[in-house]
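# Structure at a glance
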Amino acid sequence: MLATALRKVRGTPAVAAIATRALSSHARDTNTYIQQALAELKLPERFEKMLVTPRRELCVQLTILNDRDEVQTFEAYRVQHDNARGPYKGGIRYHAECDLDDVRSLASLMTWKTAVMDIPFGGAKGGVTVDPSTLSEMEKERLTRKLVHSFRGVVGPHTDIPAPDMNTGAKEMAWFFDEYSKYMGFSPGVVTGKPIDLHGSLGREAATGRGVFFALRNLLEADGAGGVEGKSFVVQGFGNVGSWAARLIAENGGKVVGVSDVDGALHNPGGLDVEALAEHIQSGSSSVDFKENGTVVVPGQEIFGMECDMFIPAALGAVIDAEIAGKMQCKYIVEAANGPTRPEGDEILNNRGIKILPDIYANGGGVTVSYMEWVQNMQEFKWSEAEVNQKLEDKMTSAFEQIWDIHQKKGVTMRTAAFMLAIEKVLASRQLRGFC
Ligand SMILES: NC(=O)C1=CN([C@@H]2O[C@H](COP(=O)(O)OP(=O)(O)OC[C@H]3O[C@@H](n4cnc5c(N)ncnc54)[C@H](OP(=O)(O)O)[C@@H]3O)[C@@H](O)[C@H]2O)C=CC1
Ligand SMILES: O=C(O)CCC(=O)C(=O)O
């Protein structure tokens, strides 16, 4: 059916450059990757505009009273990119540098990610321009509840389902669920990534990092490089995603030789004690105060030049530009972060023979288990953690096999292969629904 659907839309001139006029770097980068896949698919230009343009963008001002009774105002965004395959889905980020362009790009990536992972959702993303470290717990709660007040008309269990992203987690999702339920009645399915004791799913907290682990293991095996054991890894960002990925790598015999966060980077060619580092950070200490034989503290930017088998960006987007790409000393990059590699960096890495497993697959474990949480909420049952992890592993493997197959058969990068897979699925749904 997909082949028929696509045959009908082919046959007109291949895509030309898309209009990037109003876009700054993040959205333009994502659109470049879409263009590259569209060119391979030889799809007509008219689809390009439709695929890159979000369905809806909501920009609001959130005003709260801070703990000193002063008025504080924050910009917040929800971009709903595409819902052809199901309700919009995507996290909410709290970050000082988050802006509409950033959220636009992240929302688009969600559309392709849910399609690659073959879960019945579309793509959206939310963000608040705020440095959460400057807010107290009470202020963060007020801000989150205000966000629900502004977004409640466009989100819902069958409409748009938010989740955690950078600097948000189970606590924020609990406030979100509670506030939304005040307006709309009991609605656990409005948001995923909730605490286990409040309709969250077992396995969701670790899911993105666990998915990254399955992804990298699949890549090494398919590429004939063997297993994780004995290989060296560098992880940029040691939050939810980076720390879980690093833990699973270490648990499976991999050597994590470098990690970084906002405070700086740690380097230990013999392999860091990841569990001890995670406990150290969890206790409120800075990563750079971690003391271990053989571990040295270096400036954060040095993480990119560390020698390793595999580099895992797990922090912000757009960190690997042309200059950084020229310095990297790894064989593989597995994109745990969203949008970490800029197109000019991507080209250099491809030319250097460094293989990149793209974000829209590599970090798809989070939204996949979010889908499982939503299913459990809607059906009012609970899967065990082992069941969730097994379903996640199956999904990660099945998506990988499809990407690898396109990569091998068409001779395109894994990024282009993943976008090709996703675009075909979204277009087929769009066409079957009548392009409305
Ligand atoms: N959470 C999820 O389920 C999913 C997340 N992602 C993506 O994964 C990435 C990480 O998200 P997540 O782990 O949830 O976020 P967290 O907020 O839990 O962690 C982010 C980490 O990145 C670090 N960091 C931030 N800025 C820098 C910097 N300039 N240099 C080095 N490290 C930095 C932070 O350091 P510090 O702690 O010092 O602030 C922290 O360790 C993001 O790109 C996100 O979009 C993708 C799919 C799902
Ligand atoms: O869990 C989700 O629904 C979305 C997570 C997310 O924002 C992402 O995958 O980037």
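Residues numbered from 1 in each chain as written. Chains lettered and ligands numbered in written order. Predicted model: local features only at pLDDT ≥ 70, side-chain atom pairs only at ≥ 80, totals over all residues.

Where helix α13 (residues 365-379) meets helix α14 (residues 385-410), the closest approach of the two axes is 10 Å, and the angle between their N-to-C directions is 130°. Regarding the angle of α13 to α14, the classification is oblique. In this structure, the crossing between α13 and α14 has a hand that is right-handed. Judged by residue contacts, Gly365, Thr368, Val369 and Met372 of α13 engage Val388, Lys391, Leu392, Lys395 and Met396 from α14. (Axes fitted to C-alpha atoms, helices over the stretch in contact; angles between N-to-C directions. Helix = DSSP H or I, 4+ residues; strand = E, 2+ residues; numbered from the N terminus. Parallel < 35°, antiparallel > 145°, perpendicular 65-115°, else oblique. Left-handed = near helix turned anticlockwise from the far one by under 90°. Contact = placed C-beta atoms within 7 Å.)

A separate point is the site of ligand 2. Of all residues adjacent to ligand 2, which total 13 residues, the nearest are Gly91, Ala163, Gly366, Val367 and Ser370. The set of elements that each furnish at least two residues to the shell around ligand 2 consists of β3 (88-95) and α13. When the residues that make up the shell around ligand 2 are grouped by side-chain class, the tally is 2 nonpolar, 8 polar and 3 charged. (Near = placed C-beta within 6 Å. Nonpolar A, V, L, I, M, F, W, Y, C, P; charged D, E, K, R; others polar.)

Now for the sheet that holds strand β4 (residues 123-129). A sheet is described by the order of its strands in space; here 5 strands give the open sequence β1-β2-β4-β3-β5, paired in mixed fashion. Strands at the two margins of the open sheet, each flanked by one partner only, are β1 (56-65) and β5 (160-164). Across the sheet, the mean angle from the axis of one strand to that of its neighbour is 25°, orientation sign disregarded. In the sheet, β1 pairs with strand β2 (residues 71-82) via 10 bridges, with the strands oriented antiparallel. Along β2, the bridge assignment pairs Arg56 with Gln80. Contacts between helix α5 (residues 137-151) and the sheet are confined to β1, β2 and β4, with β1 contributing the most and set at about 140° to the helix. (Pairing = 2+ DSSP bridges.)

Here we come to the UniProt feature "binding site: substrate" (unreviewed entry) in the protein. Mapped onto this numbering, the UniProt entry gives "binding site: substrate" (unreviewed entry) at Lys89, Lys113 and Ser370. Across 282 residues in sequence, these annotated residues keep their C-alpha atoms within 12.7 Å of one another, forming a single compact spot. Note on placement: Lys113 falls in helix α4 (residues 100-116). Aside from chain neighbours lying at most four places away, what touches Lys113 is Gly123, Ile360, Gly364 and Val367. Structurally, the position occupied by Ser370 is in helix α13. Here Ser370 is in contact with Lys89, Ala163, Thr192, Gly193 and Arg204, once residues within four sequence places are set aside. (UniProt positions renumbered as here; feature names shortened; annotations may be inferred.)

Strand order in this open sheet of 7 strands is β9-β8-β7-β6-β10-β11-β12, and the pairing throughout is mixed. Looking at the sheet topology across the chains shown, the edges are occupied by β9 (296-298) and β12 (355-357). Averaged over all adjacent pairs, the angle separating strand axes in this sheet is 20°, with direction ignored. When strand β7 (residues 255-261) meets strand β8 (residues 264-267), the two strands line up antiparallel, connected through 4 bridges. Residue pairing for β8: Gly258 is matched across the bridge by His267.

Right, let's get into the nonpolar core. Core analysis: the biggest nonpolar cluster contains 126 residues, and Ala215, Ala245, Ile312 and Val334 have the highest contact counts within it. Among the elements that make up this core, the one with the highest residue count is helix α15 (residues 414-433) (11 residues). Those residues in contact with Ile312 that lie beyond four places of it in its chain are Val212, Phe233, Val234, Val235, Ala245, Val334 and Ala336. (Core = buried A, V, L, I, M, F, W, Y, C linked by C-beta atoms within 7 Å. Buried ≥ 20, exposed ≤ 12 C-beta atoms within 10 Å, placed from the backbone.)

On to the packing of helix α8 (residues 240-251) against helix α9 (residues 274-282). Following both chains from N to C, one finds α8 and α9 inclined at 155°, their axes separated by 9 Å at the closest point. Viewed along their axes, α8 and α9 adopt a mutual orientation that is roughly antiparallel. Residue-level contacts link Ser243, Ala246, Arg247 and Ala250 of α8 to Val274, Glu275 and Ala278 of α9. For the contact of α8 with α9, the class distribution of residues is 4 nonpolar, 1 polar and 2 charged.

The first and last C-alpha atoms of helix α6 (residues 170-184) sit 20 Å apart over 15 residues, in line with the 21 Å expected at 1.5 Å per residue. Backbone geometry just downstream of α6 places Gly185 in the positive-phi region, at approximately 90°. (Expected span 1.5 Å × (residues − 1).)

With that out of the way, let us pick up the UniProt feature "active site" (unreviewed entry) in the protein. Those residues carrying the UniProt feature "active site" (unreviewed entry) are Lys125 in this numbering. Relative to the elements of secondary structure, Lys125 occurs in strand β4. A count of 31 C-beta atoms within 10 Å places Lys125 in the buried class. With sequence-adjacent residues up to four places away left out, Lys125 is seen in contact with Val79, Gly90, Gly91, Val103, Leu106, Ala107 and Met110.

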